[in-house]
Amino acid sequence: MEKTKSTARFLFVRLGIYLAAVAIAYGLASLSATQAVVWRLAAMGVSVGWSERVAMSLRDLAGLAPLFLPMVAFALLVAFLGAALLCHYLARRDLARWPYAVYFVAGAGALVMLHLTLELAFGLAPIAVARTAGGLALQGLAGGMSGLVYLYMARRPL
């Protein structure tokens, strides 16, 4: 019975860590997209104050959640599972030196591939900023940061 409790606790903690990483990736991706739009508005001569920036950011966080958040969650689930398998494989061969790099690349690749796949399959970009190389790099950076956070939190003692 004690083993069942410890397994359930382990899985519950991992689920919480995963959900935190998803929230970070989604939040950073949404906020970077919003601020890129604000920057473009400013480049056209439209004055956008801090209160408008915050209001736009909060609206985008809430507005993108029903569509974009589940996609981010699925992409990161696949990426983190693949990263865990790769790190396990490398550790068995005494090659695991950079697990943070593996998780960063996995998270970044997940969000970049999400945008590229949607663009190729359906011809749409759920985040407009991802249509440019710089915007796609920002989305990848958001995914990479979530990979770093996931691994950091997962390696902390329970």
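To keep things clear, this report deals only with the structure shown in the data block. (Residues numbered from 1 in each chain as written. Predicted model: local features only at pLDDT ≥ 70, side-chain atom pairs only at ≥ 80, totals over all residues. Heavy atoms only, no water.)

Considerations on the packing of aromatic side chains
How we decide: Only rings of Phe, Tyr and Trp enter the pairing, Trp through its six-membered ring, and a pair is recorded when the two centres are within 6.5 Å. The plane angle decides the type: under 30 degrees is stacked, over 60 is edge-to-face, the rest tilted. Working definition: helices are DSSP H or I runs of at least four residues, strands are E runs of at least two. Numbering for both runs from the N terminus. For every residue, the accessible area (1.4 Å probe, protein chains only) is compared with the maximum for its type, and the residue is labelled buried under 20%, exposed over 50%, or partly exposed between those bounds. Either the NZ atom of lysine or the CZ atom of arginine qualifies as a charge over a ring when it sits within 6 Å of the ring centre and within 35 degrees of the ring normal.
The final tally for this structure, using the stated rule, is four aromatic pairs. Seen in terms of ring centroids, tyrosine 26 and phenylalanine 68 are 6.1 Å apart; in terms of plane orientation they differ by 45 degrees. Their pairing is tilted. Residue tyrosine 26 is found in helix 1 (residues 2-43), and its partner phenylalanine 68 is found in helix 2 (residues 50-92); the two are separated by 42 residues along the sequence. The burial state of tyrosine 26 is the same as that of phenylalanine 68; both residues are buried. Taken together, a centroid distance of 5.9 Å and an interplanar angle of 45 degrees make the contact between phenylalanine 80 and tyrosine 103 tilted. Of the two residues, phenylalanine 80 sits in helix 2 while tyrosine 103 sits in helix 3 (residues 99-122), which places them 23 residues apart along the sequence. Given the relative accessible area of 5%, phenylalanine 80 is considered buried. Tyrosine 103 gets classed as buried once you look at its relative accessible area, which sits at 6%. Three or more aromatic residues joined by ring pairs form one cluster here, namely Phe80, Tyr103 and Tyr150. The cationic tip of arginine 53 hangs over the ring face of tryptophan 50; the distance from NZ or CZ to the ring centre is 5.3 Å.

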